[in-house]
Amino acid sequence: MTLDQLRIFVAVAERQHVTRAAEALNLVQSAVSAAIAALEGRHAVKLFHRVGRGIELTEAGRLFLVEARAVLARAEAAEQVLADLSGLRRGTLAIRASQTIAGHWLPRHLVAFRAAYPDIVLRLGIGNTAQAAEAVRSGVAELGFVEGAVEDDGLASLPVAEDRLVLVVRPGHELAGCSQPAPSDLAAASWVLREPGSGTRSALESAVAAAGLAPDALTVALELPSNEAVLAAVAAGAGASVLSEAVVAPSLRTGTLVAVPLGLPARIFRVLRHKERYRSRAADALLDLIRAASTEDGAP
């Protein structure tokens, strides 16, 4: 079993498609198929179901995926140790970030890092707060940027920026023009929310609880997996939502949505690192750039 075979297996498993995995790895499809066949043949186990023209992981494949990812993460960590010795002249930095951060706050910092360290490959994965924390916990990512609270004794959590949440509705909604919605107004409204595990949703639920209303008293009309989907649903009249100021700013400027004063507290963007895993110089360098930029911006 080779690391290349593991990389190919993970690529196919994550995409559920041989051709797309081959394109992502810059390999011919026959090489990808041969690697999967070699793994299955050597160990006499089926890793994928062939269903029509598609493929799905078998139970054995699902179990093997966990181990394959862990092995690749350890191999990358070992390579990173050697890369550090070369003075940030090579290596890879794996990052996982929540959607709000990856789409609106993090990119400028990654651009600055790329300009300063062009030989370091940045690998960014996007998920909600819970998924970002799991990626750091398992070693798939070295840094996780989140906006939600994470309670995990194995992870260190440090503040890196501040964000503000905004309650938004489309013009003409019953909450539009409300100077300060009462808890009964919030309970009467329909809501479009991100999925459980999202930091944005957790922040809303905390604010609702602080106002004296149980979060499960909210009428959830739609539960959607992305900020963009939530924005579109609110603009279409599906209900109210709470999103990052950076996410809703363009819609507020064009008048597609209107803000409703709710007095939501600021929330903190945080970076997660594993307390016991090796800390690369590349990760330290990115965090140094973020701190420097925050100081220039006057952030706390």
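Thresholds applied
Residues numbered from 1 in each chain as written. Predicted model: local features only at pLDDT ≥ 70, side-chain atom pairs only at ≥ 80, totals over all residues. Heavy atoms only, no water. UniProt positions renumbered as here; feature names shortened; annotations may be inferred. Core = buried A, V, L, I, M, F, W, Y, C linked by side-chain atoms within 4.5 Å. Buried < 20%, exposed > 50% of the residue type's maximum accessible area, 1.4 Å probe, protein only. Helix = DSSP H or I, 4+ residues; strand = E, 2+ residues; numbered from the N terminus. Contact = heavy atoms within 4.5 Å. Polar contact = N/O pair within 3.5 Å; in protein donor to acceptor, adjacent residues only side chain to side chain. Pairing = 2+ DSSP bridges. Phe/Tyr/Trp six-rings, centres within 6.5 Å; stacked < 30°, edge-to-face > 60°. Axes fitted to C-alpha atoms, helices over the stretch in contact; angles between N-to-C directions. Parallel < 35°, antiparallel > 145°, perpendicular 65-115°, else oblique. Left-handed = near helix turned anticlockwise from the far one by under 90°. Nonpolar A, V, L, I, M, F, W, Y, C, P; charged D, E, K, R; others polar.

- The protein has the name LysR family transcriptional regulator in an unreviewed UniProt entry, where Methylobacterium indicum is given as its organism.
- Note on the protein: under the UniProt heading Sequence similarities (unreviewed entry), the record states "Belongs to the LysR transcriptional regulatory family."

**Points about the nonpolar core**
Side chains of nonpolar character tend, in soluble globular proteins, to be buried together.
And step 1. Grouped together as the largest cluster of nonpolar side chains are 23 residues, with contacts concentrated most on W105, L106, F145 and L286.
And step 2. Of all elements in the fold, only β3 (91–97), α5 (99–105), α6 (107–116), β5 (143–146), β6 (155–163), β12 (267–274) and α12 (281–297) reach the threshold of two or more residues within this core.
And step 3. Ranked by residues supplied to this core, first place goes to α12 with six residues.
And step 4. Setting aside residues up to four positions removed in sequence, W105 forms contacts with T100, F145, V160, A161, F269 and I290.
And step 5. The next biggest cluster of nonpolar side chains, apart from the first, holds 21 residues, and it includes L6, V10, F48 and I55.

**Let's talk about the environment of A97**
And step 1. Mapped onto the elements of the fold, A97 is located in strand β3.
And step 2. Residues A97 and I126, spaced 29 residues apart in sequence, show a C-alpha to C-alpha distance of 5.2 Å.
And step 3. With near-sequence residues (within four places) excluded, A97 lies in contact with A102, L106, L124, G125, I126, G127 and F145.

**Describing the side chain of Q5**
And step 1. Within the secondary structure, Q5 is located in helix α1 (residues 3–15).
And step 2. Accessibility expressed as a relative area gives 19% for Q5, which makes it buried.
And step 3. The residues contacting Q5, other than those within four sequence positions of it, are A35, A38 and L39.

**Focus on the environment of R279**
And step 1. Take R279: it is sitting in the loop between β12 and α12.
And step 2. C-alpha of R279 to C-alpha of A77: the two residues are 202 residues apart in sequence and 9.1 Å apart in space.

**Description of the side chain of E195**
And step 1. Position of E195 relative to the elements: it lies in the loop between β8 (190–194) and α9 (199–210).
And step 2. E195 sits in the buried class, given a relative accessible area of 15%.
And step 3. In terms of polar contacts, E195 uses its side chain to reach the side chain of N128, at 3.0 Å.
And step 4. Here the side chain of E195 touches R194 through a polar contact of 3.0 Å, side chain to side chain.
And step 5. Beyond its immediate chain neighbours, meaning those up to four positions away, E195 contacts N128, R201, E223, L224 and P225.

**Let's talk about the pairing of β5**
And step 1. Side-chain alternation along β5 places L143 and F145 on one buried face and G144 and V146 on a second face that is also buried.
And step 2. Examined bridge by bridge, β5 and β12 share three bridges and lie antiparallel to one another. Its bridge partner lying in β12, F145 is registered against V271.

**What about the packing of aromatic side chains?**
And step 1. In the structure shown here, the tally under the stated rule is five aromatic pairs.
And step 2. On the basis of an interplanar angle of 55° and a centroid distance of 5.9 Å, the ring pair of W105 and F145 is categorised as tilted. Note that W105 is positioned in helix α5 and F145 in strand β5, a separation of 40 residues in sequence.
And step 3. Assessed through its relative accessible area of 12%, W105 is described here as buried.

**Quick word on the UniProt feature "domain: HTH lysR-type" (unreviewed entry) in the protein**
And step 1. Taking the numbering used here, the UniProt-annotated feature "domain: HTH lysR-type" (unreviewed entry) corresponds to residues 1–58.
And step 2. With 62% helix and 14% strand, residues 1–58 has end C-alpha atoms that lie 19 Å from one another.

**Focus: the packing of α1 against helix α2 (residues 18–25)**
And step 1. Remark: α1 packs on α2, axes separated minimally by 8 Å, with the N-to-C direction vectors making an angle of 130°. One way to sum up the angle between α1 and α2 is to call them oblique. Our pair here, α1 against α2, has a crossing hand that is right-handed. Here R7, I8, A11, V12 and R15 of α1 come into contact with α2, specifically with V18, R20, A21, A24 and L25.
And step 2. Considered class by class, the residues forming the contact of α1 with α2 number seven nonpolar, no polar and three charged.

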